[in-house]
Amino acid sequence: MHVPFWVWGATIAGFAAMFLFDFFSHVRKPHAPTMRESALWSVFYVSLAAIFGAGLWMVWGHDHGVEYFAGFITEKSLSVDNLFVFAIIMAKFAVPPIYQQKALLIGIIMALIMRGIFIAVGAAAINQFSWVFYIFGLFLLYTAFKLAVESAQGKEGGEEDFEPNALVKFAERHLPVTDQFHEQKLIARENGKRVLTPLFLVVLTLGVTDLLFALDSIPAIYGLTQEPYIVFTTNAFALLGLLQLYFLLGGLLDRLVYLGFGLSLILAFIGVKLVMHAMVENTLPFINDGQPLEWVPHISTVLSLSVIVGILVVTTVASLLKSRHSSKTALDQNQG
């Protein structure tokens, strides 16, 4: 799918405008969003992504349309899982709810920039070396296994389990950091000296965390489409509105007890698909003498979309039923 330069420019400008709108409409005035506000804006951004996908489907055809929606659903699901970590970071640094929006939005913008770089690097690597799909696939399988093990052990994360990354530790030890918040400021003055506020450390932590998240999400989306434009727009739309989704889900995150298992299945499925794709286009001399393995079956994007949606529906329903049962059991024990 050839995308003209002006389309790329207009798309990037459009997303920049939406993030600026998000800043001036939600972040400039510190406040903790209400459930109604978060719900309305979440629906707006998801609807916007759906309208864009419908337009892409009409312009570039059925196959690319299905690839877009499969990619968007996958990236949005992975983004929801990321919210667990965001909540832990906010709790660890004791960020007041009215200041959380600014830190989250800056972190999300940093994530989009880093993912844009990863997307460009990934596209260049894929165009030059088809064996990159082996690496992407095996990495996703490893990530899926690790996520499944952590979910089985109940390590959905907690404030007590959180450890600041090396960059944040360096900043805390060697830079002038204060433990006092100065409204939404990242840099403030105390006793005539410039100091970094806790909000600066939060943004730094979110940025490094988003970089790690990109290592999972970019290979995953390349398992569903090889079109850089679709990879970029699905990532951008998945991140757009994540700010509102964070406040909308709130306590619901703790009820999605099987989300980790569901995402591990999705990553494993895409990992297998990537390895199979690499086998079909094989050029490695130590595998089948460098010849493609023609017997390997093809997994269509429609089937991929069906599997992804099916896993998410099952794990979400199972999570809510489990949480409801646990709450009822706890209530019965208290009454007893």
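Predicted model only: the values in this text are computed from it and were never measured. Throughout this description, residue numbers start from 1 for each chain and increase along the sequence as written. Owing to the predicted nature of the model, reporting of local features is limited to residues with pLDDT of at least 70; listing and counting of side-chain atom pairs is limited to 80 or more, with chain, interface and lining totals taken over all residues. Calculated side-chain values reflect all of the structure's heavy atoms, with hydrogen atoms and water omitted.

Colleague: Would you mind going over the overall build of the chain in detail, with residue names and values included?
Modeller: Scanning the chain from terminus to terminus reveals eleven helices and two strands. Only C-alpha atoms enter the radius of gyration; for comparison, a globular chain is expected to reach 2.2 Å times N to the power 0.38, where N is the number of residues. The C-alpha atoms of the chain give a radius of gyration of 21 Å, which matches the 20 Å a tight globule of 336 residues would have. Throughout, exposure labels follow a simple rule: accessible area from a 1.4 Å probe, protein chains only, divided by the maximum for the residue type, with under 20% read as buried, over 50% as exposed, and the rest as partly exposed. In the chain, which comprises 336 residues, the share counted as buried stands at 46%. Total accessible area computed for the chain in this model is approximately 17,000 Å², and 67% of it derives from carbon and sulfur atoms. Note on charges: Lys and Arg go in the positive column, Asp and Glu in the negative column, and His and the chain ends are not counted at all. By convention, the charge on Lys lies at NZ, on Arg at CZ, on Asp at CG and on Glu at CD. Counting 20 positive and 24 negative side-chain charges, the chain places the centres of these two groups 11 Å from one another. Each helix is a run of DSSP H or I of at least 4 residues and each strand a run of E of at least 2, with the numbering of both proceeding from the N terminus. A 1.4 Å probe and the Shrake-Rupley method give the accessible areas. Residues count as covered only by the protein chains that appear here.

Colleague: Summarise the packing of helix H3 (residues 62-92) against helix H7 (residues 198-222); cite the residues concerned and give the values.
Modeller: Angles shown run from 0 to 180 degrees and are taken between the N-to-C directions of axes, each axis being a line fitted to C-alpha atoms and, for helices, limited to the stretch in contact. Taken N-terminus to C-terminus, the directions of H3 and H7 make an angle of 155°; their axes are 10 Å apart at the nearest point. One element, H3, and the other, H7, form an angle in the roughly antiparallel class. Crossing handedness for the pair H3 and H7: right-handed. Seen from H3, the contacting residues are Gly-71, Glu-75, Leu-78, Asn-82, Val-85, Phe-86, Ile-89 and Met-90; seen from H7, they are Val-202, Thr-205, Leu-206, Thr-209, Asp-210, Phe-213, Ser-217, Ala-220 and Ile-221. The residue classification treats Ala, Val, Leu, Ile, Met, Phe, Trp, Tyr, Cys and Pro as nonpolar and Asp, Glu, Lys and Arg as charged. All others, Gly included, are polar. Considered class by class, the residues forming the contact of H3 with H7 number ten nonpolar, five polar and two charged. Oblique is the label for any angle not under 35 degrees, not over 145, and not in the 65 to 115 range, which are roughly parallel, roughly antiparallel and roughly perpendicular in turn. Two helices cross in a left-handed way if the nearer one is turned anticlockwise from the farther one by less than a right angle. They cross in a right-handed way if the turn is clockwise. Any two residues whose heavy atoms approach within 4.5 Å at even a single point are treated as in contact.

Colleague: Report on the side chain of Lys-76, specifying residues and quantitative values.
Modeller: Here Lys-76 shows up in helix H3. For this analysis, a salt bridge means a side-chain nitrogen from Lys or Arg found within 4 Å of a carboxyl oxygen belonging to Asp or Glu. It is Asp-22 that comes nearest to the buried, bridge-free Lys-76 among opposite-charge side chains, at 9.7 Å. Sequence-distant contacts of Lys-76, that is, excluding residues within four places in its chain, are made with Phe-237, Ala-238, Leu-240, Gly-241, Leu-242 and Leu-245.

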